[in-house]
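# Secondary and tertiary structure notes
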Amino acid sequence: MKPEILLIEPMMPEIEKQLDAAYTVHRFTSVEQLKDCAGRIRGIATGGATGVSPAVMKSLPALEIIAINGIGTDAVDLNEARRRNIHVTTTPGVLTDDVADMAIGLILSLLRGLPAGDRYVREGTWGHAPAPGLGRKVTGKKLGIVGMGHVGRAIASRARAFAMPVSYTDLRNLELEGYAFVPDLKTLAQNSEILVIAASGGAGSRHLVNREVLDGLGPDGFLINVARGSVVDEQALVQALSDGTLGGAGLDVFEHEPDVPPALRNSPRTVLQPHRASATVETRLAMGNLVVRNLAAHFATQPLLTAVV
Ligand code: 8YV
């Protein structure tokens, strides 16, 4: 008998095929749908932002493992997992480059106005109306990074190619050569022209980037977020953009995905992406394979490859 698992967020067809071969896979629609199979479900595969709701976790008494197809654990109750001896795995390492690339892409898009230029050509406006205004130079801008884990460091190393002086904040000084540690986030914002968020989501970082921090960044400053929407006070961000007290924002993540405030969608000061920083064929395959291998290891009672719990 194949073990039964619940797939909460769709994965690549190649990956789902492997899951279907090894398990009886229930594709999640609602807690009610689980009524008849809940007692048999031993594993979950889910996305980083989607996680597992408390109601689903509670409804699965035989749950042994949650394999997250991502690095964020903020949408899974890790304490509850520990209490119930449920393993939790993530996909570290394999998505670092893509997320860092997206941060650089958002910086270039935002400061150089790439979406506006694209629209101007695409819509046939060129030659009929004035071109979009001048962009801002990227090379040499002072970069601040919030959260200097793997992703933060990958962004910093790319920033070197743009001759950007890099400062960062984190829970402690990581003694990183070439990058200045600034313990206070507001001071980091004041000293930066671009502030990139690469910190984990969750209760500890909720609304870390508030009005004060945005004011520190100022009217010539730009905010980039490739981490979690919850790290930014989105209302304060909307206000700062509409007041013009913040220069602009490049956002891959939002507080209440997929709902994005109209003020952010309509602002000429934003460049937006639908939470796609790890969304490349190569990376999603690597992530999916790691999910598959973690589940396989668990059901073969082998050591897990990338467990967080
Ligand atoms: C993915 C993420 O988009 O790593 C994470 O935590 O949020 C992203 O890489 C997601 O996990 C796939 O759904």
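First, a word on scope: everything that follows refers to the structure included in this document.

Analysis parameters
- Residues numbered from 1 in each chain as written.
- Predicted model: local features only at pLDDT ≥ 70, side-chain atom pairs only at ≥ 80, totals over all residues.
- Heavy atoms only, no water.
- Salt bridge = Lys/Arg side-chain N within 4 Å of Asp/Glu carboxyl O.
- Helix = DSSP H or I, 4+ residues; strand = E, 2+ residues; numbered from the N terminus.
- Buried < 20%, exposed > 50% of the residue type's maximum accessible area, 1.4 Å probe, protein only.
- Axes fitted to C-alpha atoms, helices over the stretch in contact; angles between N-to-C directions.
- Parallel < 35°, antiparallel > 145°, perpendicular 65-115°, else oblique.
- Contact = heavy atoms within 4.5 Å.
- Nonpolar A, V, L, I, M, F, W, Y, C, P; charged D, E, K, R; others polar.
- Near = heavy atom within 4 Å.
- Polar contact = N/O pair within 3.5 Å; in protein donor to acceptor, adjacent residues only side chain to side chain.
- Pairing = 2+ DSSP bridges.

### Observations concerning the pattern of salt bridges
The final tally for this structure, using the stated rule, is 13 salt bridges. Between Arg42 and Glu64 there is a salt bridge whose closest N-O contact spans 2.7 Å. In this pair, Arg42 is assigned in strand 3 (residues 41–47) and Glu64 in the loop between helix 2 (54–59) and strand 4 (65–69), connecting sequence segments 22 residues apart. Arg42 sits in the partly exposed class, given a relative accessible area of 31%. Linking Glu80 and Arg83 is a salt bridge whose minimum nitrogen-to-oxygen distance equals 2.9 Å.

### Remarks on the packing of helix 1 (residues 13–22) against helix 11 (residues 281–299)
In a packed pair of helices, the relevant descriptors are the angle between the two axes and the axis-to-axis distance. Where helix 1 contacts helix 11, the axes come no closer than 9 Å and their chain directions differ by 10°. It follows that helix 1 is roughly parallel to helix 11 by the angle criterion. From helix 1, Glu14, Ile15, Gln18 and Leu19 reach across to helix 11, where they touch Leu285, Gly288, Asn289, Val292 and Leu295. In terms of residue class, the contact of helix 1 with helix 11 is built from 5 nonpolar, 3 polar and 1 charged.

### Quick look at the side chain of Thr89
You can see Thr89 is positioned in strand 5 (residues 87–89). The exposure class assigned to Thr89 is buried, which follows from its relative accessible area of 1%. Excluding its chain neighbours within four sequence positions, the residues that come into contact with Thr89 are Ile65, Ile66, Ala67, Ile68, Asn294, Leu304, Thr306, Ala307 and Val308.

### Re the site of the ligand
The environment of the ligand is formed by 13 residues, the closest being Glu9, Gly48, Asn69, Ile71 and Gly72. Contact distances for the ligand include 2.7 Å between an oxygen atom and a backbone N or O atom of Gly48. Of the residues assigned to the shell around the ligand, the class counts are 3 nonpolar, 7 polar and 3 charged.

### Here we look at the sheet that holds strand 8 (residues 180–181)
The sheet built from 7 strands is open, its strands ordered 8-7-6-9-10-11-12 with parallel pairing. Sheet topology places strand 8 and strand 12 (270–272) at the edges, where each strand pairs with a single neighbour. The sheet contact formed by strand 9 (residues 194–197) and strand 10 (residues 222–225) spans 4 bridges and is parallel. Its bridge partner lying in strand 10, Ile197 is registered against Asn225.

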